[in-house]
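The primary structure of each chain is shown beneath.
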Amino acid sequence: MIRLGVNIDHVATLRQARRTDYPNLPEAAALCEKAGAHGITIHLREDRRHIQDADVYALRKTITTRMNLEMANHPDIVAVALDVKPEEVCMVPERRQELTTEGGLDVAGQRDTLAPVVAALRAAGITVSLFIDPDARQVEAAAAIGAPTIELHTGAYADHTGAVRTQELARLTDAAQRAHALGLTVNAGHGLSLENVDPILAIPHLDTLNIGHSIVCRALFVGIEQATREMLDKLQRHP
Ligand code: PXP
């Protein structure tokens, strides 16, 4: 079965909207895990718009599955990762003005700055994943700098319909096949929902889908445990 990492950033977004101490992140993570989530994903952004440093440390103590920490290649954030030692780090590009992570990492263009950080994180026992567009050059660069895992950016797939969506699905499939042939673990995520995830489940070699916004939105109506369960049901029903 394809595994599910639930991204709970937007539980923190709700809290930060009023700078309250609720909703409680460890409680949200625990309910996702109770529903059967295989991991919890959080993104410690440079601008700290949702997840705060204290959340990372608090969740490190309470998560019982796997913590996947998304982060940019910024020295202060890398230092937090090396201190907290999550099971996994997913390196993402980051721009201050963006609403969410808008494109994949340019691994091919940033080999020299990424390679030492990937090595340092791996030396600390952390699995390193690189968030990339479904592009052969980026897949090959990820393998070349020693990342064991990639996460394929499904945003373009999610944002389009019709022929463009079909084309994006083909790109994702090709990238997954190429990555698998190079010995990489293949994850995917961004913009996935109950409505659009089915075709994604047919991509070969998928290990984990990281899904956040749609699950947290659905949770407003049915609760986060049920929202997680509904997505897991989808993943389970796929052969
Ligand atoms: N994967 C990565 C690398 C991301 O940056 C995000 C968004 O934080 C997600 C997955 C989850 O995307 P969404 O919230 O659209 O499900």
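Let me sum up the structure you'll find in this document. Every chain is numbered on its own, with residues counted from 1 as its sequence reads. At least 70 in pLDDT is required for a residue's local features to be given in this predicted model, at least 80 for side-chain atom pairs to be given and counted, and no such filter applies to totals for whole chains, interfaces and linings, which use all residues. The side-chain values count all of the structure's non-hydrogen atoms but skip hydrogen atoms and water molecules.

If you trace the backbone, His153 turns up in strand E6 (residues 149-153). Separated by 2.9 Å, the side chain of His153 and the backbone nitrogen of Gly155 make a polar contact. Working definition: helices are DSSP H or I runs of at least four residues, strands are E runs of at least two. Numbering for both runs from the N terminus. Distance and chemistry together define a polar contact, namely a pair of N or O atoms within 3.5 Å, with one atom able to donate a hydrogen and the other to accept it when in protein, and with adjacent residues in sequence counting only for side-chain atoms on both sides.

Before going further, it helps to examine the pattern of salt bridges. Throughout this description, the term salt bridge denotes a Lys or Arg side-chain nitrogen within 4 Å of a carboxyl oxygen of Asp or Glu. All chains considered together, the criterion is met by 13 salt bridges. Between Asp53 and Arg48 there is a salt bridge, with the nearest N and O atoms lying 2.5 Å from each other. Each residue's exposure class comes from its accessible area (1.4 Å probe, protein chains only) as a fraction of the maximum for that residue type: buried when under 20%, exposed when over 50%, partly exposed otherwise. Given the relative accessible area of 23%, Arg48 is considered partly exposed.

Turning to the packing of aromatic side chains, a few remarks are in order. Pairs were defined over the aromatic rings of Phe, Tyr and Trp, the Trp ring being its six-membered one, requiring ring centres within 6.5 Å. Orientation was assigned from the angle between planes: stacked under 30 degrees, edge-to-face over 60, tilted for the rest. Per the stated rule, a full pass over the model turns up 0 aromatic pairs. Charge-over-ring contacts are defined here by two conditions on Lys NZ or Arg CZ: a distance within 6 Å of the ring centre and an angle within 35 degrees of the ring normal. Over the aromatic face of Tyr157 sits the side chain of Arg165, whose NZ or CZ is 4.6 Å from the ring centroid.

Attention shifts here to the sheet that holds strand E5 (residues 127-132). Should DSSP find at least two bridges between two strands, the strands are taken to pair. Ordered in space as E1-E2-E3-E4-E5-E6-E7-E8, the 8 strands form a closed barrel in which the pairing is parallel. Strand-to-strand twist in this sheet, taken as the mean axis angle between neighbours without regard to direction, amounts to 25°. Relative to E6, E5 is paired through 4 bridges, and the arrangement is parallel. For Ser129, the partnering residue across the bridge sits in E6 and is Thr149. Every angle, taken between N-to-C directions, lies between 0 and 180 degrees, and every axis is a line fitted to C-alpha atoms, over only the stretch in contact when it is a helix.

Next up on the list: the site of the ligand. A cutoff of 4 Å decides nearness: a residue is near a molecule or strand if any of its heavy atoms lies inside that distance of it. Taken together, 13 residues sit near the ligand, with Glu70, Glu151, Gly191, Gly212 and His213 positioned nearest. Between a nitrogen atom of the ligand and a side-chain N or O atom of Glu151, the distance comes to 2.5 Å. Isolated, the ligand exposes 400 Å² of accessible area, and the fraction of that covered by the protein chains is 94%. Split into classes, the residues belonging to the shell around the ligand amount to 3 nonpolar, 7 polar and 3 charged. Under the convention used here, a 1.4 Å probe and the Shrake-Rupley method define accessible areas, while residue burial counts only the protein chains that appear. Each residue gets one label: Ala, Val, Leu, Ile, Met, Phe, Trp, Tyr, Cys and Pro are nonpolar, Asp, Glu, Lys and Arg are charged, and the others, such as Gly, are polar.

What follows covers helix H1 (residues 9-18). Residues Asp9, Val11, Ala12, Arg15 and Gln16 constitute the buried set of H1. Angular distribution of buried residues about the axis of H1 spans 155°; they occupy a single face of the element. The exposed residues of H1 that point more than 90 degrees off its buried face are Ala17 and Arg18. Contacts between residues were defined by any pair of non-hydrogen atoms, one from each residue, lying within 4.5 Å. Packed against the buried residues of H1 are strand E1 (3-7), helix H2 (25-35), strand E2 (39-43), helix H3 (53-62), helix H10 (213-222) and helix H11 (224-237). Just downstream of H1 lies Arg19, where phi reads positive at about 50°. This arc corresponds to the set of directions leading from the helix axis out to the C-beta atoms.

This part takes up the nonpolar core. Only buried residues count toward a nonpolar core, which is a set of Ala, Val, Leu, Ile, Met, Phe, Trp, Tyr and Cys residues joined through side-chain atoms within 4.5 Å. With 71 residues, the main nonpolar core has Ile8, Met91, Leu130 and Leu209 as its most contacted residues. Apart from residues lying up to four places away in sequence, Leu209 is in contact with Ile2, Arg3, Leu4, Gly5, Ala188, Leu192, Val197, Ile200, Leu201 and Leu235.

The next subject is helix H5 (residues 111-123). Expected helix span is computed as 1.5 Å times (number of residues minus one). Helix length check: H5, at 13 residues, gives a terminal C-alpha distance of 18 Å against a target of 18 Å (1.5 Å per residue), a fit within 8%. Of the positions making up H5, those classed as buried are Leu114, Val117, Val118 and Leu121. Along the axis of H5, the buried residues cluster in a sector spanning 105°; they form a single face. Across from the buried face of H5, at angles greater than 90 degrees, the exposed residues are Asp112 and Ala123. Packed against the buried residues of H5 are strand E3 (67-71), helix H4 (75-84), strand E4 (88-91) and E5. Directly after H5, the chain includes Gly125, whose backbone phi takes a positive value near 85°.

Everything listed is a geometric property; what it means functionally is a separate question.
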